[in-house]
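Observations on chain architecture
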Amino acid sequence: DAEIVQESYLHVGLVYRKLGKLELSIAALQKAEELLKQHGVGSSPHYDLAEIFIEQGRVDEAIETCEKSLRIWSRDPGIKQKLVEAYEIKKRNG
């Protein structure tokens, strides 16, 4: 079932993040994103991806991830807040 596979990648990504293996986390979360886009079922990995990108100083990628998410789920308050946070960091860092 596509939703189970998508959710599995999402959870693997979250586990890798907790273990501090951020590149493996990103890869799993991006696979979850790809499966979500492909099949239209599952949970969004965008918030977690954006947080990791911000942690790594990859602010432009965080912004892109949030904007991509908002095109799909325009009412998600968490991702809107993460987007504002990313823009504030970008502004501070020049």
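The following refers to the structure shown. (Residues numbered from 1 in each chain as written. Predicted model: local features only at pLDDT ≥ 70, side-chain atom pairs only at ≥ 80, totals over all residues. Heavy atoms only, no water.)

**Quick word on the packing of helix α3 (residues 46-55) against helix α4 (residues 59-72)**
Between α3 and α4, the least distance of the axes is 7 Å, while the angle of their chain directions is 165°. Compared by their axis directions, α3 and α4 come out roughly antiparallel. Between α3 and α4 lies a crossing whose hand is left-handed. For the pair α3 and α4, contact is made by H46, L49, A50, F53 and I54 and by V59, E61, A62, T65, C66, K68, S69 and I72, respectively. Taken together, the residues of the contact of α3 with α4 sort by class into eight nonpolar, three polar and two charged. (Axes fitted to C-alpha atoms, helices over the stretch in contact; angles between N-to-C directions. Helix = DSSP H or I, 4+ residues; strand = E, 2+ residues; numbered from the N terminus. Parallel < 35°, antiparallel > 145°, perpendicular 65-115°, else oblique. Left-handed = near helix turned anticlockwise from the far one by under 90°. Contact = heavy atoms within 4.5 Å. Nonpolar A, V, L, I, M, F, W, Y, C, P; charged D, E, K, R; others polar.)

**Re the side chain of K82**
Inspection of the secondary structure puts K82 in helix α5 (residues 77-93). Classification of K82 by relative accessible area gives buried; the value is 6%. Polar side-chain contacts of K82 include one of 2.8 Å to the side chain of E85. (Buried < 20%, exposed > 50% of the residue type's maximum accessible area, 1.4 Å probe, protein only. Polar contact = N/O pair within 3.5 Å; in protein donor to acceptor, adjacent residues only side chain to side chain.)

**Some words on the nonpolar core**
A62 and A86 are the most contacted members of the largest nonpolar core, which has 18 residues in total. Residue assignment for this core shows that the elements contributing at least two residues are α2 (22-39), α3, α4 and α5. Once residues within four sequence positions are removed from consideration, A62 is found in contact with A50, F53, I54 and A86. (Core = buried A, V, L, I, M, F, W, Y, C linked by side-chain atoms within 4.5 Å.)

**Considerations on the packing of α3 against α5**
At a minimum axis distance of 10 Å, the contact between α3 and α5 shows a crossing angle of 15°. Here α3 is positioned roughly parallel relative to α5, judged by the angle of their axes. Judged by the twist between their axes, the crossing of α3 over α5 is left-handed. Across from H46, Y47, A50, E51 and I54 in α3, the residues of α5 making contact are G78, I79, K82, E85, A86 and I89. Tallied by class, the residues present in the contact of α3 with α5 amount to six nonpolar, two polar and three charged.

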